[in-house]
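# Examination of the molecular architecture
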Amino acid sequence: NKYVMLDGDSSIRIRTAPHPWGPWSSPRILVPAVAAILYGPMMLPRSPALTSTSDGRLYFNATRWTDYNVMLVEAKASLFGRLRKVAPLRRASMPT
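Right, let's walk through the structure included here. Being a predicted model, the structure only gives us computed values, none of them experimental.

Each value, and the rule that gives it
Residues numbered from 1 in each chain as written. Predicted model: local features only at pLDDT ≥ 70, side-chain atom pairs only at ≥ 80, totals over all residues. Heavy atoms only, no water. Helix = DSSP H or I, 4+ residues; strand = E, 2+ residues; numbered from the N terminus. Buried < 20%, exposed > 50% of the residue type's maximum accessible area, 1.4 Å probe, protein only. Contact = heavy atoms within 4.5 Å. Areas by Shrake-Rupley, 256 points an atom, 1.4 Å probe, with all protein chains shown as cover. Pairing = 2+ DSSP bridges. Axes fitted to C-alpha atoms, helices over the stretch in contact; angles between N-to-C directions. Core = buried A, V, L, I, M, F, W, Y, C linked by side-chain atoms within 4.5 Å.

## Things to note about the overall build of the protein chain
Scanning the protein chain for helices and strands turns up two helices and six strands. What you see in the protein chain, going N to C, is helices and strands ordered as β-β-β-β-α-β-β-α. Across the 96 residues in the protein chain, those meeting the buried criterion constitute 30%. Sequence-distant contacts in the protein chain: of pairs separated by 6 or more residues, those separated by 24 or more amount to 45%. Entry remark: accessible area of the protein chain is about 6100 Å², with carbon and sulfur atoms responsible for 56%.

## Comments concerning the sheet that holds strand β1 (residues 3-7)
An order of β1-β2-β3 is seen for the three strands of this open sheet, with the pairing classed as antiparallel. Every interior strand has two partners, whereas the edge strands, β1 and β3 (28-31), have only one. Across the sheet, the axes of successive neighbouring strands diverge by a mean angle of 35°, strand direction being ignored. By the bridge criterion, three bridges tie strand β2 (residues 12-17) to β3 in an arrangement that is antiparallel. Bridge pairing links Ile14 to Arg28 in β3.

## Some thoughts on the nonpolar core
Membership of the largest hydrophobic core comes to 14 residues, with the highest contact counts inside it found for Ile12, Leu30, Val31, Leu58 and Phe60. Elements with a contribution of two residues or more to this core: β1, β2, β3, α1 (48-51), β5 (58-64) and β6 (70-75). With three residues, β5 is the largest single contributor of residues to this core. What Val31 contacts, discounting residues up to four positions off in sequence, is Ser11, Ile12, Ala36, Leu38, Phe60 and Val73.

## Quick look at the sheet that holds β5
One open sheet accounts for three strands, arranged β4-β5-β6; its pairing is antiparallel. Of all the strands in the sheet, the pair left with one neighbour each is β4 (38-43) and β6. With strand direction ignored, the average angle separating the axes of adjacent strands in the sheet is 35°. Pairing geometry for β5 and β6, over six bridges, is antiparallel. Paired with Ala62 across the two strands is Met71, which belongs to β6.

Everything listed here is a matter of coordinates, which is why it stays silent on function.
Structural data, given as structure tokens:
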């Protein structure tokens, strides 16, 4: 299982990690800044990429910078590689 994180301040990036505290992978671009300037991505927890081993569609909301409207975005597994079944984010103790 892997943990998944989206971030972005003009392009939307994805990272994965074996634990909530990392180590996190290098970012991979899901939505380049030239397509639309988006920020504040939030994954939909029931996206097939997060709940299935065979369907790699990842859905997330992101805000469009130009008019502050929220968009629903679909990313295909071919854009970010196979995730396997993703672990749900849960409270975890930080290593000391």
